[in-house]
Amino acid sequence: MGAQTAERHEQCTVITEYNAYGAMTMQSSRGKTYQIVGAASQRVARQLAALTHNDETPVSLRQAPGRGNTWYAVAVGTTAPAEPPR
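Now for a description of the structure that goes with this document. (Residues numbered from 1 in each chain as written. Predicted model: local features only at pLDDT ≥ 70, side-chain atom pairs only at ≥ 80, totals over all residues. Heavy atoms only, no water.)

### Points about the overall build of the chain
Then, number 1: Looking only at helices and strands, the chain features one helix and five strands.
Then, number 2: For the chain, the succession of helices and strands along the chain, N to C, is β-β-β-α-β-β.
Then, number 3: A buried classification covers 30% of the 86 residues belonging to the chain.
Then, number 4: In the structure as shown, the chain presents an accessible area of about 5700 Å², 50% of it carried by carbon and sulfur atoms. (Helix = DSSP H or I, 4+ residues; strand = E, 2+ residues; numbered from the N terminus. Buried < 20%, exposed > 50% of the residue type's maximum accessible area, 1.4 Å probe, protein only. Areas by Shrake-Rupley, 256 points an atom, 1.4 Å probe, with all protein chains shown as cover.)

Structure follows, in structure tokens:
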């Protein structure tokens, strides 16, 4: 049994737009390519679907279970969790 994968927060550029199967390709500003295979919610899916080729956005990702290097988008438009109030 695998452990829960931590989220990654990246500034990404859309390489291949979100498609009818819930998949898209994004590249981080550090050059890492992310094959996104799903979204954590309908809201995140709508945000991804609104992006077009070469759009840049912060995105939070969690590695999808199974084989390969695939990811779920868990948030769009934020690169880090909100800071707790002080």
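From this point, the narrative continues.
### Observations concerning the sheet that holds strand S1 (residues 8-16)
Adjacent strands of a sheet form backbone hydrogen bonds with each other and so pair up, either parallel or antiparallel.
Then, number 1: Read around the closed barrel, five strands run S1-S2-S3-S5-S4, paired in mixed fashion. Between one strand axis and the next, the sheet turns by 60° as a mean value, whatever way the strands run.
Then, number 2: Relative to strand S2 (residues 24-28), S1 runs antiparallel, the two being bridged by four bridges. What sits directly across from Val14, in S2, is Met26. (Pairing = 2+ DSSP bridges. Axes fitted to C-alpha atoms, helices over the stretch in contact; angles between N-to-C directions.)

### A word on the pattern of salt bridges
Then, number 1: The full count for this structure, using the stated rule, is two salt bridges.
Then, number 2: In this structure, Arg62 engages Glu7 in a salt bridge whose closest nitrogen and oxygen atoms are separated by 2.7 Å. One end of the pair, Arg62, is in strand S4 (residues 56-63); the other, Glu7, is in the segment before S1, and 55 residues separate them in sequence.
Then, number 3: With a shortest N-O distance of 2.3 Å, Arg30 and Glu10 are connected by a salt bridge. Of this pair, Arg30 sits in the loop between S2 and strand S3 (33-39) while Glu10 sits in strand S1; the two residues are 20 residues apart in sequence, bridging distant segments of the chain.
Then, number 4: By relative accessible area, Arg30 is classed as exposed at 64%. (Salt bridge = Lys/Arg side-chain N within 4 Å of Asp/Glu carboxyl O.)

### Comments concerning the side chain of Ser60
Then, number 1: Note that Ser60 resides in strand S4.
Then, number 2: In terms of polar contacts, Ser60 uses its side chain to reach the side chain of His9, at 2.7 Å. (Polar contact = N/O pair within 3.5 Å; in protein donor to acceptor, adjacent residues only side chain to side chain.)

These figures capture arrangement, not role.
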